[in-house]
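An overview of the molecular structure
If you want the building blocks of each chain, they are given just below.
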Amino acid sequence: MADEFDVVVIGAGPTGENVVDRAVRGGLTAAVVEERLAGGECSYWACVPSKALLRPVDLAGEVARVPGLELAPIDVAAVLARRDEAVGHFDDSGQVRWIESVPAEFVRGRGRLDGPRRVRVALADGGERVLTARHAVVVATGSSPVVPPVPGLAEAAPWTSREVTETSVVPERLVVLGGGVVACEMAQAMHGLGARQTTLVVRGDGLLSRMEPFAGDLLARSFAEAGIEVRTGIQVSRVERPEPGGKVTVHLPEGPPLEADEVLVATGRRPATRDVGLGTVGLPDDVPIEVDDSMRATGVSDGWLYAVGDVNGRALLTHMGKYQARVCGDVIAARAGGDELPAMRDVAGGYGAPQVVFTDPQICAVGRTEAVARADGFRVRAVDYDMGAVTGAYLLGDGYRGQARAVVDEDRKVLLGVTFAGPGAAELLHAATIAVTGEVPLDRLWHAVPSFPTVSEVWLRLLETYGL
């Protein structure tokens, strides 16, 4: 006989955990199924370990800019030990205890849909269990790194975000394929920890192509000064690794090949829907699960299937997946009681999504870029300001370089997007997120007085440049 719960969640990462928490708060029973580690990709192979690796490199940059301080060599063994501590030494028992304290049932195994409201679990101990849901099944299986079909690349056993964040050895020579967030963060982390010959090979024209162009330009300048080589507009021809664990050769269309100890593939991620059993409920697999603003799958009748986080393809960011999960759990609980709750706000779920790139300089943005705003039909004005000209930035250290941009809707006089690029800029982002998602009028924002001398005074300078 199948075990029955009000809600069954497939995936115990941050999104799955939040769905369970909110559903149980709403008076429902819940079970969550996880094949690997409770806490998910973010806790063990992405957000948490990558930032633990980046922090010493970021701090070294800060120290180098302040006269009177001497920079000691980074103790790589200590950094890796702290990374291991940050991921709980890959022990998820604490996360499991938290899930059980919600209270919800944690089921260790591979869960797949097996028809409407049914989840068949191949248990870790070799057994099998069938879970049924009275109200909802939620798919929260995240995403997986994409390895492009370059001849020889898959056979060369390349690193992905998983291998680079869990490594116990820093390669002397590293080739990074990609120019997005993971590529930039991990190239700088590995280089700062000892990968003296680090090369990024980017298909596009520059770094961080989805952000304002100046952000990628500032980061490329920082990379060049640190000795990280960036090659743009290049498609790798083929990759060779004759012996497992041996030297990797990356062939390019022109010029000599690149030789490295490891190659990191950071060319994007795809929703992890390939083997979730979507075909048993009439949905295609290996593509994002289309959902409405309540996170309910639009392609399934009776409204019992939901998808949160990376699997729905809306915003592949942990904090946005958790936001979706909170909405989803609340909505499921309300519907179970015969009520309806407001769904996710478009501004938060779409162009309002904030993002930070934890490089040196840090890059952070929320809302639309100038180019996207114009393409979307808004009448906009972009206002730029040199962050290094703010007194608070000067006091942080010599040679502070940064830039801020505000994208203004000229018809409504509100912000459509804000981007900051500079050391320590990440802590400026939430104020921008509030301004963008809250659609705060500029004439009211003018009265939000920033403290002196802080870098946040750049808000005043942006508004002055605009003409207020």
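Residues numbered from 1 in each chain as written. Predicted model: local features only at pLDDT ≥ 70, side-chain atom pairs only at ≥ 80, totals over all residues. Heavy atoms only, no water.

Moving on, we get to the nonpolar core. L113, L131, V137, V138 and L305 are the most contacted members of the largest nonpolar core, which totals 53 residues. Once residues lying within four places of it in the same chain are set aside, the contact partners of L305 are L113, V137, V139, V281, L283, M295, R296, A297 and V300. (Core = buried A, V, L, I, M, F, W, Y, C linked by side-chain atoms within 4.5 Å. Buried < 20%, exposed > 50% of the residue type's maximum accessible area, 1.4 Å probe, protein only. Contact = heavy atoms within 4.5 Å.)

Per the UniProt record, the feature "binding site: NAD(+)" (unreviewed entry) sits at G178, G179, G180, V181, V182, A183, C184, E185 and G268. Across 91 residues of sequence, these annotated residues stay compact in space, with a maximum C-alpha separation of 13.6 Å. Structurally, G179 can be placed in the loop between β7 (173–177) and α7 (181–192). Discounting residues that sit within four places of it in the chain, G179 has contacts with C184, V202, L207 and L208. The topology assignment puts C184 in helix α7. Accessibility expressed as a relative area gives 0% for C184, which makes it buried. C184 has contacts with G179, L207, L208, L219, F223 and T359, leaving out every residue within four places of it along the chain. (UniProt positions renumbered as here; feature names shortened; annotations may be inferred. Helix = DSSP H or I, 4+ residues; strand = E, 2+ residues; numbered from the N terminus.)

Before going further, it helps to examine unusual backbone geometry. Going from V102 to P103, the amide bond is cis rather than trans, its omega being 5 degrees. Mapped onto the fold, P103 is located in the loop between α5 (93–101) and β3 (105–113). Backbone torsion omega between D360 and P361 reads 5 degrees, so that peptide bond is classified as cis. Mapped onto the elements, P361 comes out in the loop between β16 (355–357) and β17 (362–367). Residue R117 is not a glycine yet carries a positive backbone phi of 60 degrees. Residue placement: R117 occurs in the loop between β3 and β4 (118–123). On the basis of relative accessibility, which here comes to 26%, the residue R117 falls in the partly exposed class.

Okay, the domain arrangement of the chain next. Interface size is commonly expressed as the accessible area that is lost once the parts come together. As assigned here, the chain comprises domain 1 (4–45 + 85–142 + 272–348), domain 2 (146–267) and domain 3 (361–466). Relative to domain 3, the C-alpha centre of domain 2 lies at a distance of 31 Å. The interface of domain 2 with domain 3 comprises 11 residues on the first partner and 15 residues on the second. Here domain 2 packs against domain 3, burying approximately 1100 Å² in sum over the two surfaces, 67% of which is carbon and sulfur. Counting the surface domain 2 buries against domain 3, the share from its top three residues, E212, F214 and L218, is 56%. On inspection of domain 2 and its partner domain 3, the count reaches 2 salt bridges. The closest approach of N and O atoms between R401 and E225, which form a salt bridge, is 3.0 Å. Inspection of the domain 2/domain 3 interface yields 3 residue pairs in polar contact (both at pLDDT 80 or more). Looking at the side of domain 2 that touches domain 3 residue by residue, the classes come out as 6 nonpolar, 1 polar and 4 charged. (Domains from an automatic or database assignment. Buried area = accessible area lost by both parts, 1.4 Å probe. Salt bridge = Lys/Arg side-chain N within 4 Å of Asp/Glu carboxyl O. Polar contact = N/O pair within 3.5 Å; in protein donor to acceptor, adjacent residues only side chain to side chain. Nonpolar A, V, L, I, M, F, W, Y, C, P; charged D, E, K, R; others polar.)

Taken in spatial order, the 3 strands make up an open sheet running β10-β11-β12, and their pairing is antiparallel. Of all strands in the sheet, those with a lone pairing partner are β10 (238–240) and β12 (258–260), marking the two edges. On average, each strand axis in the sheet is inclined to that of its neighbour by 20 degrees, with strand direction left out of account. Note: strand β11 (residues 248–251) against β12, 3 bridges, orientation antiparallel. Looking at β12, one finds that T249 is bridged to E259. (Pairing = 2+ DSSP bridges. Axes fitted to C-alpha atoms, helices over the stretch in contact; angles between N-to-C directions.)

Let us now look at empty space enclosed by the protein. On inspection of all chains with the given rule, the structure shows 2 cavities of 30 Å³ or more. If you add up the space inside the largest cavity, you get close to 50 Å³. Along the walls of the largest cavity sit V383, A406, V408, L415, L442, L445, W459, L462, L463 and Y466, which together make up its complete lining. By residue number, the principal contributor to the lining of the largest cavity is helix α15 (residues 458–466), which donates 4 residues. Residue composition of the lining of the largest cavity, by class: 10 nonpolar, no polar and no charged. Looking at the second largest cavity, its volume works out to about 40 Å³. Around the second largest cavity, the lining residues are R173, L174, V175, Q197, T199, L258, E259 and A260. Those elements giving two or more residues to the lining of the second largest cavity turn out to be β7, β8 (197–202) and β12. Looking at the lining of the second largest cavity, its residues break down into 4 nonpolar, 2 polar and 2 charged. (1 Å grid on protein atoms, 1.4 Å probe; cavity = no way out; pocket = protein on both sides within 12 Å on 5 of 7 lines; lining within 4 Å. Points joined across faces, edges and corners; volume = space filled by probe spheres on them.)

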